[in-house]
Amino acid sequence: MISLDNPRDSAEQVVSELLRVPAPADELGRIFADHGHALYLVGGSVRDSLLGRAQSAPDLDFTTDARPERVLEITRGWAEATWEAGIAFGTVGLARRGVRFEVTTYRSETYDRTSRNPTVTYGDGLHGDLVRRDFTVNAMAVSVPGHDFVDLFGGMADLARGVLRTPGVPEASFDDDPLRILRAARFEAALGLTPVPELVAAMRSRAERIKIVSPERVRDELRKLIASPNPIAGLERLVDVGIADIVLPELGAMRMEIDEHHQHKDVYAHTMTVLSQAMALEDDGPDEILRWAALLHDIGKPRTRRHIPGGRVSFHHHEVVGRDMTRRRLTALRFPKDVTDAICSLVFLHLRFHGYGSGEWTDSAVRRYVHDAGPQLNRLHKLVRSDCTTRNRRKAESLARTYDSLEERIADLAASEEIAAIRPELSGDDIMALLALPPSRLVGKAREHMLDVRFERGLLGREAAEAELLRWARENGIPVPVPGGEPGSDV
């Protein structure tokens, strides 16, 4: 234990200077002290402060001897909002002046072999609470407002050494909550902490236990991992210990052998390179959708691989198969629909550019490319460029120049028309009015035709667009109203 306010030597002085306790934590701590309860700032905020990663207005986690009902009682009037969703697990959420506080009663928790939820037992001491936590780097605490730093399991030393350990036996920790196996990979990706050998062995031996964890919890860990500074390290750990085979089996399946003539790349290694290159093109922080698309863009290859004469290998339509596989996996993990749709669109479209050749696409094809990409166009640009992993510099430079050409054509078309939001010049209402049609599938077909015209011929102008619609209607046997005639007839 170290008193941050009264360090005894130079080493304690260093800790005192690194570990800055946020003022809101002390404010809450005084309330608990005034009511005869202990309160400790614990977990990620303590760890991140020691790493110099503390935020100006963080979410703060605490542990206390007060039971949840007591926490609500003594903070009534101080907290501007409260959340009781976690009260069954001993956690109360509070908010004040833009800061969120999670206060959890000392506890221990375990899973049985079939449950997806922990069984909570309250404890009476800080040691019992800290020893149940996932990793030593999260088992450090600071009393508030007293500022006594408690590190019972060497978490600070582990941070300094860059290693990840559990406070107790790792197998027991993963039995308590198998999600910690995923969390270990995330901390490797996010913090650069390398699991010690006994932790890796426990991750591998307890991999099957992840099946009892809800898809939503697995999803949340994977999303945090993919947005980490080094997701590749975490993903490779999941593959290595067998967790990926359960939660993201398509990833490990991409580890395909390279034939003796090296006629095709190992898809797994290629994928990791694409992910790395996509990250290098990000504009403003992690782009989760781009990263997932880079990770999953080739997952259809193992299922579509065919050996063809000459020792070559083909992957025909792997973008179609990959899109469908991506949707099934992300749906199973309960990803939001809009995120799933965006990722699937990128997976499906990532190969289309290769039909561009050396610039043979018509303006119509360019418009369709932009239209089909929709709001994902900028991400598609980055994904396509990242997908070039050839070591042949001349070929890589040629592909880059060709894509430059495509982007220039898109920009030129955008300057003359609203290419980013291409739609028929005539709306559904316009079509119904001109052809005297009620809402029907026929209106949809007419709109599809006018969209094709928009792609092929660009902007026609209102008069020419109406003339084209009437021409199409006559050609397809649809009665065209004439002035003074009966609706729905030519006479």
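Provided above is the structure to which this section pertains.
Remember, it's a predicted structure, so these values are computed and weren't measured experimentally. (Residues numbered from 1 in each chain as written. Predicted model: local features only at pLDDT ≥ 70, side-chain atom pairs only at ≥ 80, totals over all residues. Heavy atoms only, no water.)

Engineer: Tell me about the sheet that holds strand β2 (residues 39–42), and name the residues and values.
Structural biologist: With respect to topology, 8 strands assemble into an open sheet ordered β1-β10-β9-β2-β3-β6-β5-β4, the strand pairing being mixed. Looking along the sheet, the strands with just one partner apiece sit at the ends: β1 (2–3) and β4 (81–83). Two strands pair when backbone bridges link them, and β1 and strand β10 (residues 148–151) are joined in this way by 2 bridges, in the antiparallel orientation. If you follow Ser-3 over to β10, its bridge partner there is Asp-148. Running at roughly 20 degrees to strand β5 (residues 91–96), helix α4 (residues 68–75) makes contact with β3 (60–64), β4, β5 and β6 (99–105) of the sheet. (Pairing = 2+ DSSP bridges. Helix = DSSP H or I, 4+ residues; strand = E, 2+ residues; numbered from the N terminus. Contact = heavy atoms within 4.5 Å. Axes fitted to C-alpha atoms, helices over the stretch in contact; angles between N-to-C directions.)

Engineer: So, the pairing of β2: which residues are in play, and what are the values?
Structural biologist: Going residue by residue along β2, you find Leu-39 and Leu-41 tucked away on one face and Tyr-40 and Val-42 tucked away on the opposite face as well. Where β2 lies against β3, 3 bridges are found, and the strand directions are antiparallel. Residue Leu-41 lies in a different strand from β3, and its bridge partner there is Phe-62. As judged from the 3 bridges shared by β2 and strand β9 (residues 140–143), these two strands associate in the antiparallel manner. Bridged to Tyr-40 within β9 is Ser-143. (Buried < 20%, exposed > 50% of the residue type's maximum accessible area, 1.4 Å probe, protein only.)

Engineer: Kindly report on the packing of aromatic side chains, identifying the contributing residues and their values.
Structural biologist: Per the counting criterion, the structure on display carries 6 aromatic pairs. On the numbers, 5.3 Å between centres and 55 degrees between planes, the contact of Trp-361 with Tyr-369 is tilted. Note on Tyr-369: relative accessible area 0%, which makes it buried. Counting every residue linked through ring pairs, the aromatic cluster contains Phe-62, Trp-78 and Phe-101. When the ring centre of Trp-83 is taken as origin, the NZ or CZ atom of Arg-100, which lies over that ring, is 4.3 Å away. Positioned over the ring face of Phe-348 is Arg-323, at 4.5 Å from the centre of the ring. (Phe/Tyr/Trp six-rings, centres within 6.5 Å; stacked < 30°, edge-to-face > 60°. Lys NZ or Arg CZ within 6 Å of the ring centre and 35° of its normal.)

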